[in-house]
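# Structure assessment
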Amino acid sequence: MRVLLVGGGGREHALAATLARSPALTALFVTPGNPGTAAHGTNVAIAMDDVPALVAFAQAQRIDLVLPGPEAPLVAGLADACAVAGIACAGPTAEAARLEGSKSFAKSVCDAAGIPTARWERFEDAQSAHAFVRLRGAPIVVKADGLAAGKGVVVAATLAEAEAAITAFMQHATLGPAGAAVVIEEYLDGDEVSLFALCDGETALLLGAAQDHKRIGEGDTGANTGGMGAVSPPAFFDRTTQETALDLLVRPMLREMATRGTPFRGILFAGLMLTERGPELIEYNVRLGDPEAQALLPRLRSDLLPVLAALCDGTLDQARLHLAEESCVAVVLAGRGYPGQPATGAPIHGIDRAEAMAGVRVFQAATALDPAGTLVGAGGRVLTVVGTAPTLAAARDAAYAGVAAIDWPDAIWRRDIGVGALERDLAARVGI
Ligand code: AMP
Ligand code: GLY
């Protein structure tokens, strides 16, 4: 099969490495890709949301399957354009991608399908939003209704924080049109996990789960980021519980979307909270997570490509995915200054040294080659160093040994990825 993978982050490097192992793969193109994906396929300089150019390229190259990594091309209608061109695309239509693109749309689907999620209200005028949070009190969550690249959610511990978020999003338009309307929702308490399933419109096939570390600082402090590290599998979320969560949070959504005439075909990411009442949905995303993918895909033992083809053909009920019973810890190395303005341009050495270690892999994201051909940092999240081992503790050791082998002066990273999960494991074993 000839495959076009869209995107250029660490998730796409992990996907490219996974696809490259498939005996069914005959050609792999990555748009735009990064220096890491170039080891597995051909990078092509097309912007990931330039739908006409992507489809024209796919036609010219007789692509059999398009795999979108991020949500932007899907929200821009890549799957719809592929359908018109007769090319299989393992991602949802723009209408179904509203599950991620519009928080109030996702919430209305949950309500119609009886999916447990935080109670919510949507507001288009700031005065009513202010009045509502004063009525409800803190903790409370304020979300911009539109896509805001991870910056549109404020989990407010105090009323003042909630009111400041409403003022910023609605009155000062700090997120532009994405914040013109807000969703205000109940605060859910518990462990947050990311659950992934392949969906063909009817069938949801479990891929697996991971736990993200979203904050920039150790101990889950500081600003929110795209994700500074991930652990798979997460503590206390075994495959049986993952299947139960699919029954509660994903399969009813598939039935609701099919009933509406907009079936969801693609990779679904259910962000959920394991609360005292059971799993409750925080949000849907219509793609793999980053860095969750880097912690999940190294555990995959099945050939992903035929399963993606089954997703496109509507035959996922006959497909199987096998994940190894091992642990994976993914540590993101970002450019100093991230999630603000990151330092760029410093040389990165030691990736080969890290990858020579047992169980260590390095996925690239915002890297570039300078005119002399040296790999340099070129953005926020730059590398993900992944350790895989039979136990979580050994996977953590492998990941951090890999990090220590990397020589890049601008790198910042969290030293506590997986520590929470490790503590939970120990507590469970000694019975506290
Ligand atoms: P979202 O963009 O909806 O994923 O929100 C970003 C992050 O905010 C989530 O990953 C959670 O950590 C947190 N969050 C969102 N909604 C809630 C909620 N209702 N209760 C508690 N935390 C939440
Ligand atoms: N790591 C969270 C996300 O990909 O949205």
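Higher on the page you've got the structure.
Being a predicted model, the structure only gives us computed values, none of them experimental. One numbering rule holds for all chains: residues counted from 1, following each sequence as written. Note on labels: chains are lettered from A, ligands numbered from 1, in written order. In keeping with the predicted nature of the model, local features appear solely for residues at pLDDT of at least 70, side-chain atom pairs appear and are counted solely at 80 or more, and the whole-chain, interface and lining totals rest on all residues. Side-chain measures here rest on the full set of heavy atoms in the structure, leaving out hydrogens and waters.

### Considering the site of ligand 2
Operational definition: Summary of the distance rule: residues count as near a molecule or strand when at least one heavy atom falls within 4 Å of that molecule or strand. The definition of a polar contact used here is a pair of N or O atoms within 3.5 Å, where within protein one atom must be able to donate a hydrogen and the other to accept one, and adjacent residues in sequence count solely through side-chain atom pairs. In this classification, the charged set is Asp, Glu, Lys and Arg, the nonpolar set is Ala, Val, Leu, Ile, Met, Phe, Trp, Tyr, Cys and Pro, and all remaining amino acids, among them Gly, are polar.
Around ligand 2, the structure places Asp-212, Gly-226, Phe-269, Arg-287, Gly-289, Asp-290, Pro-291 and Glu-292. Between ligand 2 and the protein, one listed contact pairs a nitrogen atom with a side-chain N or O atom of Asp-212 at 2.8 Å. Asp-290 places a main-chain nitrogen or oxygen 2.9 Å from a nitrogen atom of ligand 2. Here the residues of the shell around ligand 2 are counted per class, giving 2 nonpolar, 2 polar and 4 charged.

### Topic: the environment of Arg-287
Where we set the bar: Only runs of H or I of at least four residues qualify as helices and only runs of E of at least two qualify as strands under DSSP, and these elements are numbered from the N terminus. Note on contacts: a residue pair qualifies if any of its non-hydrogen atoms lie within 4.5 Å across the two residues.
Relative to the assigned elements, Arg-287 resides in the loop between strand E16 (278–285) and helix H11 (292–296). Sequence-wise, Arg-287 and Leu-67 are 220 residues apart; in three dimensions their C-alpha atoms are separated by 9.8 Å. Beyond its immediate stretch of four places on either side in the chain, Arg-287 contacts Arg-11, Gly-69, Pro-70, Glu-71, Glu-100, Phe-196, Ile-267, Leu-268 and Phe-269. There is a polar contact of 2.8 Å between the side chain of Arg-287 and the side chain of Glu-71.

### Notes on the site of ligand 1
Definition in use: For the area figures, the Shrake-Rupley method with a 1.4 Å probe applies, and any residue is considered shielded solely by the protein chains shown.
Close to ligand 1 lie 15 residues, the nearest being Glu-185, Leu-188, Glu-192, Lys-214 and Glu-283. Glu-185 places a polar side-chain atom, nitrogen or oxygen, 2.8 Å from a nitrogen atom of ligand 1. Side-chain polar atom of Glu-192 to an oxygen atom of ligand 1: 2.4 Å apart, as the coordinates give it. For ligand 1, the accessible surface in isolation is 470 Å², of which the surrounding protein chains cover 89%.

### Considering the pairing of E16
Cut-off, in case you're wondering: Three labels apply to residues, based on accessible area from a 1.4 Å probe with only protein chains included: buried if under 20% of the type maximum, exposed if over 50%, partly exposed otherwise in between. Note on pairing: two strands pair once DSSP finds at least 2 bridges between them.
With respect to burial, E16 is a largely interior element, 7 of its 8 residues being buried. As judged from the 7 bridges shared by strand E15 (residues 265–275) and E16, these two strands associate in the antiparallel manner. Within E16, the position partnered with Leu-272 by the bridge is Leu-281.

### Remarks on the pairing of strand E21 (residues 381–389)
Among the 9 residues that make up E21, 9 are buried, leaving the element largely enclosed by the rest of the structure. In terms of strand pairing, strand E17 (residues 327–335) meets E21 through 8 bridges, oriented antiparallel. For Val-331, the partnering residue across the bridge sits in E21 and is Val-385.

### Concerning the pattern of salt bridges
Defined as follows: Throughout this description, the term salt bridge denotes a Lys or Arg side-chain nitrogen within 4 Å of a carboxyl oxygen of Asp or Glu.
Enumeration according to the criterion identifies 22 salt bridges in this entry. Where Glu-243 meets Arg-251, a salt bridge forms, and the shortest distance between an N and an O atom there is 3.2 Å. Here Arg-301 ties to Glu-326 by a salt bridge, and the two come within 2.8 Å at their closest N and O atoms. You can see Arg-301 sitting in the loop between H11 and helix H12 (304–313) and its partner Glu-326 sitting in the loop between H12 and E17, a full 25 residues away along the chain. Owing to a relative accessible area of 45%, Arg-301 belongs among the partly exposed residues under this scheme. Residues joined by salt bridges that share partners form a network here, namely Glu-71, Glu-100 and Arg-287.

### Remarks on the layout of surface pockets
To keep it simple, the criterion reads: Buriedness of a pocket was judged along seven lines, with at least five required to meet protein on both sides within 12 Å; pockets are open sets of points on a 1 Å grid over the protein atoms alone, cavities are sets where a 1.4 Å probe fits but cannot get out, and lining residues have an atom within 4 Å of a point. Grid points are joined across faces, edges and corners, and a volume is the space filled by probe spheres set on the points.
One number sums up the size of the second largest pocket: a volume of about 260 Å³. The wall of the second largest pocket is formed by 17 residues, among which Pro-233, Asp-238, Arg-299, Glu-325 and Glu-326 lie closest to the centre. Within the residue set of the lining of the second largest pocket, elements represented by two or more residues are strand E11 (204–212) and helix H9 (239–249). Among the residues forming the lining of the second largest pocket, the class breakdown is 8 nonpolar, 4 polar and 5 charged.

### Points about the environment of Asp-425
Within the secondary structure layout, Asp-425 lies in helix H15 (residues 419–430). Separated by 190 residues in sequence, Asp-425 and Ala-235 place their C-alpha atoms 6.4 Å apart.

### Describing the packing of helix H2 (residues 51–60) against helix H4 (residues 78–85)
Rule in force here: Angles run from 0 to 180 degrees between N-to-C directions of axes, and those axes are lines fitted to C-alpha atoms, restricted for helices to the stretch in contact. Should the near helix be turned anticlockwise from the far one by less than a right angle, the crossing is left-handed, and should it be turned clockwise, the crossing is right-handed.
Put simply, H2 and H4 touch, their axes get as near as 10 Å, and they point 35° apart. Helix-helix and strand crossings are classified by hand; for H2 and H4 the assignment is right-handed. The segment H2 lies against H4, with Val-51, Leu-54, Val-55 and Gln-59 engaging Leu-78, Ala-81, Cys-82 and Ala-85. Taken together, the residues of the contact of H2 with H4 break down into 7 nonpolar, 1 polar and no charged.

### Examining helix H8 (residues 159–171)
This is how the line gets drawn: In this analysis, the expected span of each helix is defined as 1.5 Å times one less than the number of residues it contains. Starting at the helix axis, one direction is taken to each C-beta atom, and the arc is that of these directions.
For H8, which comprises 13 residues, the first-to-last C-alpha distance of 17 Å matches the rise-based estimate of 18 Å (1.5 Å per residue) to within 8%. Turning to H8, its buried residues are Ala-162, Glu-163, Ala-165, Ile-166, Phe-169 and Met-170. The arc enclosing the buried residues of H8, seen along the axis, measures out at 155°, which places them on a common side. The inward-facing, buried residues of H8 abut strand E6 (120–123), helix H7 (126–136), strand E7 (140–144), strand E8 (153–156) and strand E9 (182–186). Taken from the residues just after H8, Ala-173 is the one with a positive phi, measuring 45°.

### Some details on H12
Since there are 3.6 residues in each turn of an α-helix, residues three or four apart along the chain are aligned in direction. Taken across its 10 residues, H12 has 8 buried, putting it largely inside the fold. Among the residues making up H12, those that are buried are Leu-304, Leu-305, Val-307, Leu-308, Ala-309, Ala-310, Leu-311 and Cys-312. Where H12 begins, one side-chain oxygen reaches toward the backbone nitrogen of Leu-305, 3.2 Å away; that side chain belongs to Asp-303. Where H12 ends, the next residue or the one after it, Gly-314, has phi of about 80°, a positive value.

### A closer look at the nonpolar core
Put simply, the test is: What makes a nonpolar core is a set of buried Ala, Val, Leu, Ile, Met, Phe, Trp, Tyr and Cys residues whose side-chain atoms join them at distances within 4.5 Å.
Membership of the largest hydrophobic core comes to 50 residues, with the highest contact counts inside it found for Val-66, Leu-99, Leu-195, Met-253, Phe-264, Leu-272 and Tyr-284. At 5 residues, the largest contribution of residues to this core is made by H2. Those residues in contact with Leu-272 that lie beyond four places of it in its chain are Asp-191, Glu-192, Val-193, Leu-195, Phe-237, Ala-245, Leu-249, Pro-279, Glu-280, Leu-281 and Ile-282. Judged by nonpolar contacts, the second largest core, of 42 residues, contains Leu-25, Ala-90, Ile-267 and Phe-363.

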